[in-house]
Amino acid sequence: MLATEEFTRFPLLMWEKVLSKVKKSVVFMDDKCAEALHWSGGAATLLEAGARNLKQFSSFEACGVNEPKAVFVVSTLLKGRTVDIIKDIISLSHFQYCVVFTTVAHSVHLLANKVTTEIEGSPVFEQFEEKLCEWMGNMNYTAEVMHVPVVFAPVSQQLIVAPPFAHLFPLLSPDLEAINEKRPEKRRFASLNDIDMHCLPAELQIEVKSLASALNSMFEATGTREESFALGPMSRIIAGELANLPQAKNRRKTAPNKASIIFVDRTMDLTGAVGHHGDNLVEKVLTVLKLLPGHVTDVQVDMLELTSLHKTPHSKNILAPGCLAQIQSSARSLWDVMLTTKHKEGVIEVRRQLVEAASKENLPIKMSMGRVTPEQLCSYIQLFRSSRGALESHCGVLQLGLATAQTLRHPSLPRWDSCLAFERLLLQALGDADFPAVLRQLLPLMKPRGVEDTSASGSRLREDELGPDELILLLVYLYSLADETQPADHDTEEEEELEKLERDLIGALTLVIISRETELSPLLQKLTGCTNPEELTAERVHSAVEKMFKTLRGLSSTRNHLKQLRSIYTASDGVHQATYRPFLRQILEEVFHPDRRECPDIEHMSGGLTDLLKTGFSMFMKVRHSSQTLICNRVSSVTEEIT
């Protein structure tokens, strides 16, 4: 029987290949690989394996005469800018031995070099080894280039993420337009469901093939024979690519274990991605705390409470931040509780583990029952700063405790409850009024600076007043539900009313972004292309918001092609309130319910043309009782979802 641990162990096995080469070397690593390593033991594992130093993968880095060995770990093709950086570093150093690890398979390098025929060996890697020796200045020096898929990060025993693919996002209506522009009029696609792999832009093809190759490596290492299923245009392309890999076909003939993997386009249900109905502590921590620089899956935890430093505007620059990724067993168990239970249970478990840790160290803790407050958690944490040994023994639990305390007292947390309240109101309104009338309710929330209430009560309410980020999330929430809550036949007058309303919303949101933002969030940076408010202009923001609304319109029709799983909204019947029905939950109910018939929406991708002509869902039913089920829910961040 295939165990879950086999999959969570796979990233560590891949890093072992890197660790075997780092002895007495300086390691250069790009941000995406560094984030994957971050969840697999971090930089400490490299140093324990004998590495002398770990440096950023940058042309501004180099090594001294007494550092003759370098190891490069990159998440990209060995082409273009990546090659330039490696050459720059080598040219400024005195290396005699270079090892390059790339997460991109040799077969994908061949595709990038427009080689379509199968070739024995690894000629692209061999040619790059010669270039490395040339740059080192002596063809007798040693160079090695190899593929290692260090792209997965084991966040928990039940969750694996792939940071290098965080930007890979399902196709949307603007993508269809861009693809059709380059095709003759008679050969243009009618919908996203008609698009195949060969029609995608070259860069996107490389990404899809790299992801399929990485998944194949995971299944190969775990001896897995997978059955692939897909919901959505992008998922169908990825699942099809995995099914058609020559290496995958050979593996499936002999692999002893069975598993079913379901690929799901996240655009099938962005309501769940942006909604605030999730009562989970980790979800709130990831929402309110700032991301670690260069990361998409972990946040910065202020460590000031563990020192005697006074809080000043510059104190954050003195201390390195803590994080959520921990290796201590006690911290890992606490993290699992925070990740899988409700908010209240998670907070109580944080307090319990802090009290238990303080008791073990004989620290003078004052027990208090009742509601858990951030002040209470901080008072427990501050007890540890007087003992270096206690700090080292419990540093993982302390960082998770600090993350919890900083989330509970964060000034933007009240907005979470405000968003949840608005979402509930909008959910009810969608069943009682037409879409423009519901959308119009957002206009009063879009108030530029200078319009707010300056009274004492107004000042008090500004804490939970919605900012541009929350307003954008509410727009995504509404548009993802729009199509199924309204009648199919829209008349011209309704369309004109909606267009006029959207123009008003675009103008109002533009003013909000320009007038109220003193610091741009990652979402607004992505949306506008600006890194600081000084770069913002009315024209630039207006154009970006217009483009965003064009994308939003496409969200409402993403489930239109489905037959059974088309609805995620249940209208009020006079007795029960309107409810949101999570798409992923519906899929799992279909998969695991013993009496369910075949679901026509879940497309089987592993059996070739014959099975593609039918759903193949019955085959899934045959393997599910004796296999693992993996749901690969494509794409991670709200930033990518609306830009």
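Given the structure is predicted, the values throughout are model-derived calculations rather than measurements.

Chemist: Could you clarify how one ought to interpret the packing of aromatic side chains in this entry?
Modeler: Remark: the centre distance and the inter-plane angle together describe each pair of aromatic rings, the angle taken between the planes. In this structure the tally under the stated criterion is nine aromatic pairs. Between Phe-435 and Tyr-479, the ring centres sit 5.2 Å apart and the planes meet at 80 degrees, which makes this aromatic pair edge-to-face. In this pair, Phe-435 is assigned in helix 19 (residues 435–439) and Tyr-479 in helix 21 (residues 468–485), connecting sequence segments 44 residues apart. Since its relative accessible area comes to 6%, Phe-435 is described here as buried. Within the aromatic cluster, the residues linked to one another by ring pairs are Phe-28, Phe-57, Phe-72 and Phe-95.

Chemist: Before we go on, may I ask you to explain the pairing of strand 9 (residues 257–265) in this structure?
Modeler: Looking down a regular strand, the side chains alternate between one sheet face and the other. A large share of strand 9 lies buried, amounting to eight of its nine residues. In terms of strand pairing, strand 8 (residues 224–231) meets strand 9 through eight bridges, oriented parallel. Counted as the bridge partner of Leu-231 is Val-264 from strand 9.

Chemist: I'm lost on helix 13 (residues 329–340) in this one. Help?
Modeler: Counted at 1.5 Å a residue, the expected span for helix 13 with its twelve residues is 16 Å, and the 17 Å between its end C-alpha atoms agrees. All of the buried residues in helix 13 are Ala-331, Leu-334, Trp-335 and Met-338. Buried residues of helix 13, viewed axially, fall in a sector of 105 degrees; they line one side. Exposed positions of helix 13 whose direction lies more than 90 degrees from the buried face are Ser-329 and Thr-340. In this fold, the buried residues of helix 13 make contact with helix 12 (281–288), helix 14 (343–360) and helix 17 (395–408).

Chemist: Got a minute to help me understand the nonpolar core in this structure?
Modeler: Nonpolar side chains tend toward joint burial in soluble globular proteins. The biggest cluster of nonpolar side chains holds 64 residues, and the ones touching the most others in it are Leu-439, Leu-442 and Leu-475. Ranked by the residues each element gives to this core, the list is headed by helix 21, at eleven residues. Apart from the residues within four sequence positions on either side, Leu-475 is in contact with Leu-439, Leu-442, Met-446, Leu-509, Met-548, Phe-549 and Leu-552. Core analysis: the next-biggest nonpolar cluster, separate from the first, contains 52 residues, Leu-19, Met-29, Leu-171 and Phe-219 among them.

Chemist: Help me understand the sheet that holds strand 2 (residues 53–56), please; the structure alone is not making it clear to me.
Modeler: For sheets, the rule is that strands pair by backbone hydrogen bonds, running either parallel or antiparallel. Strand order in the open sheet formed by five strands is 2-1-3-4-5, with parallel pairing between adjacent strands. The sheet is open, and its two borders are formed by strand 2 and strand 5 (142–147), each paired with just one other strand. Direction aside, the axes of adjacent strands within the sheet are offset by 15 degrees on average. In the packing of helix 4 (residues 80–91) onto the sheet, the strands contacted are strand 1 (26–29), strand 3 (69–74) and strand 4 (97–102), and the crossing angle to strand 3 comes to about 165 degrees. Against the sheet, helix 6 (residues 123–136) engages strand 4 and strand 5, with an angle of about 145 degrees to strand 5.

Chemist: Whenever I open this one, the domain arrangement of the protein chain confuses me. Can you help?
Modeler: Reports often express the size of an interface as the amount of accessible area lost when the parts come together. Looking at the protein chain, the domain boundaries give domain 1 (1–153), domain 2 (154–274), domain 3 (293–409), domain 4 (413–448 + 465–557) and domain 5 (588–640). Between the C-alpha centres of domain 1 and domain 2 there is a distance of 25 Å. Every contact between the two is made by 28 residues of domain 1 and, on the other side, 29 residues of domain 2. In total, domain 1 and domain 2 occlude about 2,400 Å² of area from one another, counting both sides; carbon and sulfur atoms represent 74% of this. Summed over the shared surface of domain 1 and domain 2, the number is zero salt bridges. Counting across the interface, domain 1 meets domain 2 through three residue pairs in polar contact (both at pLDDT 80 or more). Top element by residues in the side of domain 1 that touches domain 2 is helix 1 (residues 4–19). It accounts for seven residues.

Chemist: Would you explain unusual backbone geometry in this entry?
Modeler: At Lys-114, a position not held by glycine, the phi torsion is positive, near 60 degrees. Locating Lys-114 in the fold gives a position in the loop between helix 5 (106–112) and helix 6. The class of Lys-114 is exposed, set by a relative accessible area of 73%. For Asn-362, which is not glycine, the phi torsion reads 55 degrees and is therefore positive.

Chemist: What am I meant to see in a negative patch on the surface here?
Modeler: On the surface, Glu-493, Glu-495, Glu-496 and Glu-499 cluster together into a patch of negative charge. Within the secondary structure layout, Glu-495 lies in helix 22 (residues 492–516).

Chemist: Looking at this model, I keep getting lost on the environment of Arg-424. Mind explaining?
Modeler: When you line up the elements, Arg-424 lands in helix 18 (residues 413–432). Taking the C-alpha atoms as reference points, Arg-424 and Ala-578, 154 residues apart in sequence, are found 8.7 Å from one another.

Chemist: In this structure, what is going on with the pattern of salt bridges? I would like to understand it.
Modeler: If the charged atoms of two oppositely charged side chains come close together, the side chains can form a pair. The full count for this structure, using the stated rule, is 15 salt bridges. In this structure, the salt-bridge partner of Arg-9 is Glu-6, at a minimum N-O distance of 3.3 Å. Taken together, the positions of Arg-9 and Glu-6, both in helix 1 and three residues apart, correspond to about one turn of that helix. Residue classification places Glu-6 among the partly exposed positions, given a relative accessible area of 30%.

Chemist: Sorry, what's going on with the packing of helix 8 (residues 202–221) against helix 9 (residues 233–244) here?
Modeler: Each packed pair of helices is defined by two parameters, the angle between the axes and the distance between the axes. Closest axis-to-axis distance for the helix 8/helix 9 pair is 9 Å, and the angle between their directions is 55 degrees. One way to sum up the angle between helix 8 and helix 9 is to call them oblique. Our pair here, helix 8 against helix 9, has a crossing hand that is right-handed. Listed contacts from helix 9 to Leu-204, Val-208, Lys-209, Leu-211, Ala-212, Leu-215, Asn-216 and Phe-219 of helix 8 are Met-234, Ile-237, Ile-238, Glu-241 and Leu-242.

Chemist: Could you clarify how one ought to interpret helix 18 in this entry?
Modeler: Two residues of an α-helix separated by three or four positions point the same way, owing to the 3.6 residues in each turn. The terminal C-alpha atoms of helix 18 lie 30 Å apart, and with 20 residues this matches the ideal 28 Å at 1.5 Å per residue to within 8%. Turning to helix 18, its buried residues are Leu-413, Trp-416, Ser-418, Cys-419, Leu-420, Glu-423, Leu-426, Leu-427, Ala-429 and Leu-430.

Chemist: How do you make sense of the pairing of strand 1 when you look at a structure like this?
Modeler: A two-sided burial pattern is seen for strand 1, the buried positions comprising Val-26 and Phe-28 on one face and Val-27 and Met-29 on the other. Relative to strand 2, strand 1 runs parallel, the two being bridged by four bridges. Bridge assignment links Met-29 to a residue of strand 2, and that residue is Gln-56. Sheet topology note: the strand 1/strand 3 ladder contains four bridges and is parallel. Across the sheet, residue Phe-28 finds its bridge partner in strand 3, namely Phe-72.

Chemist: Please explain the side chain of Ser-228 as it appears in this structure.
Modeler: Mapped onto the elements, Ser-228 comes out in strand 8. Ser-228 has contacts with Ala-239, Leu-242, Ile-261, Phe-263, Glu-603, His-604, Met-605 and Ser-606, leaving out every residue within four places of it along the chain.

Chemist: Please clarify how the side chain of Ser-59 should be interpreted in this entry.
Modeler: Relative to the assigned elements, Ser-59 resides in the loop between strand 2 and strand 3. Within the local environment of Ser-59, its side chain forms a polar contact with the side chain of Asp-88, the two groups lying 2.8 Å apart. Setting aside its immediate chain neighbours within four residues, Ser-59 contacts Arg-81, Ile-85, Asp-88 and Leu-92.

Chemist: Help me understand the packing of helix 14 against helix 17, please; the structure alone is not making it clear to me.
Modeler: Look at helix 14 against helix 17: their axes get within 10 Å of each other, and the N-to-C directions meet at 135 degrees. With respect to helix 17, the axis of helix 14 lies oblique. The interaxial crossing formed by helix 14 with helix 17 has left-handed handedness. Mapping the contact onto sequence places His-343, Val-347, Val-350, Gln-353 and Leu-354 in helix 14 and Val-397, Leu-398, Gly-401, Thr-404 and Leu-408 in helix 17. Across the contact of helix 14 with helix 17, the residue classes tally to six nonpolar, four polar and no charged.

What counts, and at which threshold
Residues numbered from 1 in each chain as written. Predicted model: local features only at pLDDT ≥ 70, side-chain atom pairs only at ≥ 80, totals over all residues. Heavy atoms only, no water. Phe/Tyr/Trp six-rings, centres within 6.5 Å; stacked < 30°, edge-to-face > 60°. Helix = DSSP H or I, 4+ residues; strand = E, 2+ residues; numbered from the N terminus. Buried < 20%, exposed > 50% of the residue type's maximum accessible area, 1.4 Å probe, protein only. Pairing = 2+ DSSP bridges. Expected span 1.5 Å × (residues − 1). Arc of directions from axis to C-beta. Contact = heavy atoms within 4.5 Å. Core = buried A, V, L, I, M, F, W, Y, C linked by side-chain atoms within 4.5 Å. Axes fitted to C-alpha atoms, helices over the stretch in contact; angles between N-to-C directions. Domains from an automatic or database assignment. Buried area = accessible area lost by both parts, 1.4 Å probe. Salt bridge = Lys/Arg side-chain N within 4 Å of Asp/Glu carboxyl O. Polar contact = N/O pair within 3.5 Å; in protein donor to acceptor, adjacent residues only side chain to side chain. Patch = residues over 30% accessible without salt bridge, like charges linked within 9 Å, V, L, I, M, F, W, Y side chains within 5 Å. Areas by Shrake-Rupley, 256 points an atom, 1.4 Å probe, with all protein chains shown as cover. Lys, Arg positive; Asp, Glu negative; His and termini not counted. Charge placed at Lys NZ, Arg CZ, Asp CG, Glu CD. Parallel < 35°, antiparallel > 145°, perpendicular 65-115°, else oblique. Left-handed = near helix turned anticlockwise from the far one by under 90°. Nonpolar A, V, L, I, M, F, W, Y, C, P; charged D, E, K, R; others polar.

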